[in-house]
Structure formats: structure tokens, C-alpha cells
Amino acid sequence: MLKDVTLGQFFPGNTPIHRLDPRTKLLFVVAYITALFLAKWFVSYGVVLAFLLTVIALSRISPKVIARSVKPLLFIILLTAFLNLFYTPGEPILQVWIFRVSKEGIVSAVLMMLRITMLVVGTFMLTYTTSPIALTDGLESLLSPLKRLHFPVHELSMMMCIALRFIPTLIEETDKIMAAQKARGADFESGNLIRRAKALIPILVPLFITAFRRADELATAMEARCYHGGDGRTKMNVLRFHRCDGAAAVVGMALLTAVIVLRRFGL
Amino acid sequence: MTPIIEIQNLTHVYSPQTPFEHTALSDVSLTIDRGEFVGLIGHTGSGKSTLIQHMNGLLRPTSGHILFDGRDIWEDAAFTRQIRFRVGLVFQYPEAQLFEETVFRDIAFGPRNMGLSEDEIRTRVLRAAGFTGLDEAVLEKSPFELSGGQKRRAAIAGVIAMEPDVLILDEPTAGLDPSGRASILENIRSYQAAQHAAVIMVSHSMEEIATLADRLVVMNHGSVAMSGTPHAVFSRAQELAEMGLEVPCMTQVLLELRHLGVRVDPSAYTIEQAAERLLPLLKGGAAHA
């Protein structure tokens, strides 16, 4: 069922990771991704991986959930590994027909797989431990310097917040419409690609219509409560940094520095 | 004669073996006869929607069987698909399923999926439009130009056009004005009479269901709590109240009267029936009761 998708889901909890300020977590993820892309050899990957595993352990998110979230991306991960395996130039150690596997190819395939998996799991850790509202709040606050340049920061974060909020609603709606069309004999499972694509029309049209209607109703409801954008708007929960945020910042910097230093040595 | 639908020991569990596991139906057995009008009542979450989605094969039983005309609907895939056409299911707020460019084409969606000829499709669409009181002029309009009531009719016509032997409706009158309600119920009645179809209707309006149904089935916590004529069911007002259900207004009035010491049979649910029971008491004193 569509309902079982965990992408971008939030798992409430009360661990040190959950309690971190969303801004810290966002910056942390940026540092983490930078470190991941700067990592050159297994030693650096090991450092980043050790760090990721610590975060997972601290957040008490079950490994099963994480495994399930990576599953839909398995194809992309394997495809990248495959391409790296065969298309990295270097000393060939195995040749089958036009496919040539080099030692460098194997190494880069493994590193690529590690990189993508860690990238995905790392960013999922952010959404798993941060509620959508906290996340958008954090983003708004981090982007607020852009307001000087007349960039609509508040509007953007509000849009994000609403989009995240409506994902489960739309999934539920899709399930309902699918059931109703199936009751009229719609068939989504057989036929070639074109037929299957055509079979989606009876789902997509009603889905878009309800989505637009919902958006309209939401806009009216917001206006009825005098929403007029970000100017002069105050927050009920003001974000504040705590001691653990400082600690997290130190760890993040340490991670980044470690990877940069290791890179110098080609590790 | 074999009943048109026979449900044997049906159990349904949602998301089994996950933290969200939930038993929606447990050991439900029920038969629906041809031409019968069954009212299905029960508070939210009592398993009504899960039950009706089993009757046309949208949900697969966790255990138990559903027989259509004596044959298990999950026997083979082709038969399961046939069942979708023989057992028409109208969901709650069915207007959400409209998608075609014209009302005609939307109503024709079901018959077209059945693989009927263009002529047959046309006849069926026109007949379904007739049953649901839609003008021919409306058929060429976009379904999104219609009023709320007309959209509902068009959506119901989309199911009726398959001319099912069993028509299941989940709160077909929800959100309509009183005159719209009455006329849609009238349409359903006329379809039932013309096709000798069985109708199963989920409703929260006790007045509505009491006057229409031959039999009431009361669901509670995923099983059938009562099944019988509206008379029999509403005479158990106390038990209904414990399940979070109300009895029709008139029954309530009679129950209050009984409470005050008037010896009257409280199982009446229309004003006429109540009058029939009360008048003799007023004329002849308590002798009648």
C-alpha cells in the first residue's frame, strides 16, 4: 500500500538528537554532506560512517526503518555502482565481451555505493528526528539574512511546511480514488506501459481537482484567520540554542576538519 | 434459492505483523438475499466500510469466504473482476471520482471497462441517467460544471450503469439538502424495483434507513451485533444506545412516554406508526396495551 512509504516521515522521540535545535541539525547535515563529498579514501569514509552510526544509535531509530527507507533507492544505488564498475578507466583485471572491469572501477563502485547510501541515510536522519514544523522553522531562521535581498523566506518556508503536511493526506486521497475507480472496473495492473499510463488518468484528474480545491479552502481558512505573510509575525516557540547545540557544532567542525586533513594525506 | 451474497466467518486485519496491526472485522457471517434492501448501521470505526469493500472484492479477507451466488469470489482472477461489475459499490462522497470530459463519458467508464458494445454502452448510460434523474442535456456537460447534487447523481449513475445485481451505497445522501436526499433515495428505490437488485445502504440517519430497509444489520466492534427488521432492531433501543447509536426520533418519544408510565409499544419509527399506537390509548385508555 502507498501508506507504508516512510520517505520524509517524522518519528517522534526524546533523544539528544531529537532535542537538538533544527538549525543546528540543518547546518550539521550540510557539514556532513560536505565531509562525505570531500572524503577520498576508505579511512575518511570510515570516519564519516562511524559518526553516522553514532547518530543513528543516539536517535534510537530502528535499523529496520532505515533499511526500509533505502530500499526504494536500491535501483539507483546499484545502477551507479554498475556504471562506476565498468566505466572507470584503469588497469583491467577482468574482461567479458565489451565490459572491462578495472581495479579502480571496483574501488570507485564500492565508494560510490557507500557515498550514496550514507548521503541518503544521513539526510533521512534529519527528517526522521525533526518534525516538519521545526524543520521549516529552522530553515526560515537560517535563510532570514536573504530577506534583505527581498527573497520571500517566510513564504517559502510556509509553502514547504504546507507541502509536507499534505503528503499523507494526498496519499490517503489517492488510495480512496483508486478504490472507487477499481469498483468501476478500472484495471491498473495489466497491459503495456502506454495502457498503464492511460489507466492513471482516472486517478490523476480527480486527485488534482481535490488538491486544488483543498489548496483553495486552505487559503480561505488562512485568510479568515488574518494570515498576511511573514511581516511582523511572531513565533509561539522561539528557537534557542542550548549547550548540546554547541557540543554538536564542535563535533560537526571536528568531522569536517578530520576529513579535510585526511584528504591532504590521500586517505 | 442461494442468497446473492453469503459471507462466511469473515475476518480482516489491516497491516498485519506491524505496529499498526488492527482487526477491523472478526468472524462476520451474513447473507444478503436477492431484491432485499439492507440497511447497514454502526458508529464510525465499527467495520462497515471494511465489510462493504469485501463484498465486491476490493479487499481480500484475512480469513473466511465471500460467496456470490454460491461461488467464492476469490476462486479465480477473472471471476473477481466480474464481481466488480455484478456488485456495484458507491463510495462516500462519490463525486470525488468524476474525471471525464463529459458526464456521459464518465457514466460510460464502468460499462466500457466491462467491454460492452458502443450501442449497449449508450443504452445503459441513458438508462442510468434516467434512474438517477439526470436530464439528457446534462450528459454533454463537463461533470465539473454541475451542482453538488447533480455531481452526486452522475457518480451514482456511473455505478448503476454497470447494472449490478447488488448495489452498495456508503451514505449516499451525506451533505445533501433534504429535497436532494429524498429524491436520491427515491432513485435508488426505483433502481431496486426495476432490476430486482439487492441494495445495501450504509447510513447514519436512522429515520432514513428505518423507512427504506427491509432489514437492518447493526455493526459493532467489527462484528454483527444485531440483524432483523427495523421493528425488531429499534425495540432494542437500550442496546443501540450502548453502542453509541440513536433510535429514530419517534421511537425516542415513545420510549420517553413509556418511561413516564404510558404502556405503549415503542418500536414505531414514523409519525403514522406512532399515531396508530397512541390513538387507541388516548381513546380507550390503557385497555389496549
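This section reports on the structure supplied with the text. (Residues numbered from 1 in each chain as written. Chains lettered and ligands numbered in written order. Predicted model: local features only at pLDDT ≥ 70, side-chain atom pairs only at ≥ 80, totals over all residues. Heavy atoms only, no water.)

**A word on the interface of chain A and chain B**
Taken together, the contact between chain A and chain B spans 15 residues of the former and 20 residues of the latter. Regarding the contact of chain A and chain B, the summed buried area is about 1,500 Å², with carbon and sulfur atoms giving 63% of it. Considering only the side of chain A, the residues that lose the most area to chain B are Ala-183, Arg-184 and Gly-185 of chain A, jointly responsible for 44% of the buried surface there. Where chain A touches chain B, the interface holds one salt bridge. With its nearest N and O atoms 3.2 Å apart, the salt bridge here joins Asp-106 of chain B to Arg-184 of chain A. Connecting chain A to chain B are four residue pairs in polar contact (both at pLDDT 80 or more). Of all elements in the fold, only helix H8 (153-183) and helix H10 (201-224) of chain A reach the threshold of two or more residues within the side of chain A that touches chain B. (Contact = heavy atoms within 4.5 Å. Buried area = accessible area lost by both parts, 1.4 Å probe. Salt bridge = Lys/Arg side-chain N within 4 Å of Asp/Glu carboxyl O. Polar contact = N/O pair within 3.5 Å; in protein donor to acceptor, adjacent residues only side chain to side chain. Helix = DSSP H or I, 4+ residues; strand = E, 2+ residues; numbered from the N terminus.)

**Considerations on the layout of surface pockets**
Residues and elements named next belong to chain A. In this structure, the second largest pocket occupies an estimated 1,300 Å³ of space. As for the second largest pocket, its lining consists of 44 residues, and the residues nearest its centre are Ile-133, Asp-137, Glu-140, Arg-233 and Lys-235. If you list the elements that add at least two residues to the lining of the second largest pocket, you get helix H2 (22-38), helix H7 (132-143), H8 and H10. Here the lining of the second largest pocket gets nine residues from one element, more than from any other, and that element is H8. (1 Å grid on protein atoms, 1.4 Å probe; cavity = no way out; pocket = protein on both sides within 12 Å on 5 of 7 lines; lining within 4 Å. Points joined across faces, edges and corners; volume = space filled by probe spheres on them.)

**Some thoughts on the pairing of strand E6 (residues 87-90) of chain B**
Residue and element names in this part refer to chain B. Burial along E6 is two-sided: the face carrying Val-87 and Leu-89 and the face carrying Gly-88 and Val-90 are both buried. Two strands pair when backbone bridges link them, and E6 and strand E7 (residues 166-170) are joined in this way by four bridges, in the parallel orientation. Residue pairing across strands places Gly-88 opposite Leu-167, the latter belonging to E7. (Buried < 20%, exposed > 50% of the residue type's maximum accessible area, 1.4 Å probe, protein only. Pairing = 2+ DSSP bridges.)

**Observations regarding the pattern of salt bridges**
All names here are of chain B. Counted under the stated rule, the structure contains 16 salt bridges over all chains. Here Arg-34 ties to Asp-69 by a salt bridge, and the two come within 2.7 Å at their closest N and O atoms. Here the residue Arg-34 occupies a position in the loop between strand E2 (22-32) and strand E3 (37-41), and Asp-69 occupies one in the loop between strand E4 (63-68) and strand E5 (71-72), the gap between them amounting to 35 residues. Arg-34 sits in the partly exposed class, given a relative accessible area of 29%. By relative accessible area, which is 36% here, Asp-69 ends up partly exposed. For Arg-71, the salt bridge identified is with Glu-75, shortest N-O distance 2.9 Å. Residue Glu-75 is classed as partly exposed on the basis of its relative accessible area, which comes to 49%. The network of salt bridges with shared partners includes Arg-71, Glu-75 and Asp-76.

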